[in-house]
Amino acid sequence: MKILYDGYIFHHQKAGGVNRYFENIISRLPNTETPIVLGRKINGRERLSHPNLKVIAAPPAYPRRLSHRLERYKAFRFPESSFLRLREALLKPTIAHPTYYELITESDIRHYKCPVVITVHDLIHEYFYPNEAKEKIALKQRAIDRADRIICVSQNTKNDLVKSYLCDSSKISVIYHASSLSKGDAGENPMGNQPYYLYIGARYSYKNFDLALDAFHDVWKKERSLNFCIVGSPLSKAESARILALPCAAQIKVIVHPSDSVLAALYANALAFVYPSLYEGFGIPLLEAMACGAPIIAANASSIPEVAENAALLFDPKSKDELIEAMLKVQDENVRKELREKGEKRVLEFSWERAAKETVQVYRSL
């Protein structure tokens, strides 16, 4: 099969969960398949690998600096988009699996002449930003309507999709993500021997970061040696001001976009990984924590209990008291040991090899 991956996500994101998803699926396709990635600029090109991989990138129509500035205007993208549309037509792919709900070629997703597979990762826009994301939701609707098969990354996402878009559940397959990290990746831990709770990821409203911060402050009052390690993007001015106003500010550390070896070390040495999110389509950090040996405290919401099962202390994400109780409970080494053991068993049920195999089965069914 010639499998066409429109490279929209590789153009618009330098890194991210969706990028990693496609990188892992493509690299594990059988050698009998030919993956083709189509794009203008392909971030993370070095992470895309397969013996039959073809990457087709449009030559820039303008000098690099000028091209970057003009990209926002559709008229100036015309030469590159036309080149990609022509190459796509000549390819005659067996299957198309776009990386997003709109295409880098700027064609309508409904115009594909081959079977189309779409992966739905979550319904965050629909549940948390319905007014601000009307255009993106409309694009998703068109993609879902056009798709011959849909892959959802959890049963919870499938249920949400059927309920919100009224699509046929029989054309949906649930294929789980996996972790690319393991204990063996751990390098030097920037937190040293300090006891710390770990928060990793974005801090948008639905991520419930403020609850974790408030809970840590209350736990710190009982034990002043504790630390809170925040991993992700740099703090905004508002976040910095809020943290500096807390008495425990000196115990809050921020580590910006660490390497995988540092990330694995942070997981491996944490008192607990705290995951208070109100909604996740899957939650790859849960598997990363299990694979690296971090005890998990997680919200009892959306797909989180489906992925974590009994390998986490679950709490009501709207209850600071329940989160504090879990953070205090996990200070017991016996509790941490039990959570680590359960996590090590649970994470074995997920693998990118299995995800790729099941994805190929979806392709072949078409």
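Residues numbered from 1 in each chain as written. Predicted model: local features only at pLDDT ≥ 70, side-chain atom pairs only at ≥ 80, totals over all residues. Heavy atoms only, no water.

**Q** How do you make sense of the overall build of the protein chain when you look at a structure like this?
**A** Across its full length, the protein chain carries 15 helices and 13 strands. Projected onto its principal axes, the C-alpha coordinates of the protein chain cover approximately 65 × 45 × 40 Å. Looking at the protein chain residue by residue over its 366 residues, the buried ones come to 53%. Pairs at least 24 residues apart make up 67% of the contacts formed inside the protein chain by residues separated by at least 6 positions. A total of about 16900 Å² of accessible surface is found on the protein chain, and carbon and sulfur atoms cover 51% of it. Across the protein chain, the centroid of the 50 positively charged side chains sits 6 Å from that of the 42 negatively charged ones. (Helix = DSSP H or I, 4+ residues; strand = E, 2+ residues; numbered from the N terminus. Buried < 20%, exposed > 50% of the residue type's maximum accessible area, 1.4 Å probe, protein only. Contact = heavy atoms within 4.5 Å. Areas by Shrake-Rupley, 256 points an atom, 1.4 Å probe, with all protein chains shown as cover. Lys, Arg positive; Asp, Glu negative; His and termini not counted. Charge placed at Lys NZ, Arg CZ, Asp CG, Glu CD.)

**Q** Explain the nonpolar core here, please?
**A** Across soluble globular proteins, nonpolar side chains have a tendency to be buried as a group. In terms of nonpolar packing, the biggest core is built from 124 residues, with Leu161, Tyr197, Leu198, Phe228 and Tyr267 touching the most fellow members. When residues in this core are grouped by element, the largest group, eight residues, is from helix α8 (residues 209-222). When near neighbours in sequence (up to four residues on either side) are disregarded, leucine 198 contacts Cys229, Val231, Leu266, Tyr267, Ala270, Ala272, Phe273 and Val274. (Core = buried A, V, L, I, M, F, W, Y, C linked by side-chain atoms within 4.5 Å.)

**Q** Which parts of the structure should I look at to understand the pattern of salt bridges?
**A** Opposite charge on two side chains lets them pair, provided their charged atoms get close. Within this structure, the stated rule accounts for 22 salt bridges. Linking arginine 47 and glutamate 23 is a salt bridge whose minimum nitrogen-to-oxygen distance equals 3.1 Å. Of this pair, arginine 47 sits in the loop between β2 (34-39) and β3 (54-57) while glutamate 23 sits in helix α2 (residues 17-27); the two residues are 24 residues apart in sequence, bridging distant segments of the chain. For arginine 47, a relative accessible area of 32% corresponds to the partly exposed category. A salt bridge links lysine 207 to glutamate 280; the nearest nitrogen and oxygen atoms lie 2.7 Å apart. (Salt bridge = Lys/Arg side-chain N within 4 Å of Asp/Glu carboxyl O.)

**Q** Explanation requested: empty space enclosed by the protein in the structure shown.
**A** If a probe the size of a water molecule is rolled over the atoms, the empty space left behind becomes visible. Within this structure, the stated rule accounts for three cavities of 30 Å³ or more. Space inside the largest cavity adds up to approximately 50 Å³. Forming the walls of the largest cavity are Ile175, Tyr176, His177, Glu349, Phe350, Ser351, Arg354, Ala355 and Glu358. Class assignment of the residues belonging to the lining of the largest cavity gives a composition of four nonpolar, two polar and three charged. (1 Å grid on protein atoms, 1.4 Å probe; cavity = no way out; pocket = protein on both sides within 12 Å on 5 of 7 lines; lining within 4 Å. Points joined across faces, edges and corners; volume = space filled by probe spheres on them. Nonpolar A, V, L, I, M, F, W, Y, C, P; charged D, E, K, R; others polar.)

**Q** Explain the sheet that holds strand β6 (residues 149-152) here, please?
**A** Pairing between the strands of a sheet is mediated by backbone hydrogen bonds and can be parallel or antiparallel. The sheet built from three strands is open, its strands ordered β5-β6-β7 with parallel pairing. Strands at the two margins of the open sheet, each flanked by one partner only, are β5 (117-120) and β7 (172-174). For this sheet the average axis-to-axis angle between neighbouring strands, irrespective of direction, equals 25°. Of the pairings in the sheet, the one linking β5 to β6 comprises four bridges and is parallel in character. In the strand pairing of β6, threonine 119 is matched with isoleucine 151. Lying over the sheet, helix α15 (residues 352-365) contacts β5, β6 and β7, oriented at roughly 170° with respect to β6. (Pairing = 2+ DSSP bridges. Axes fitted to C-alpha atoms, helices over the stretch in contact; angles between N-to-C directions.)

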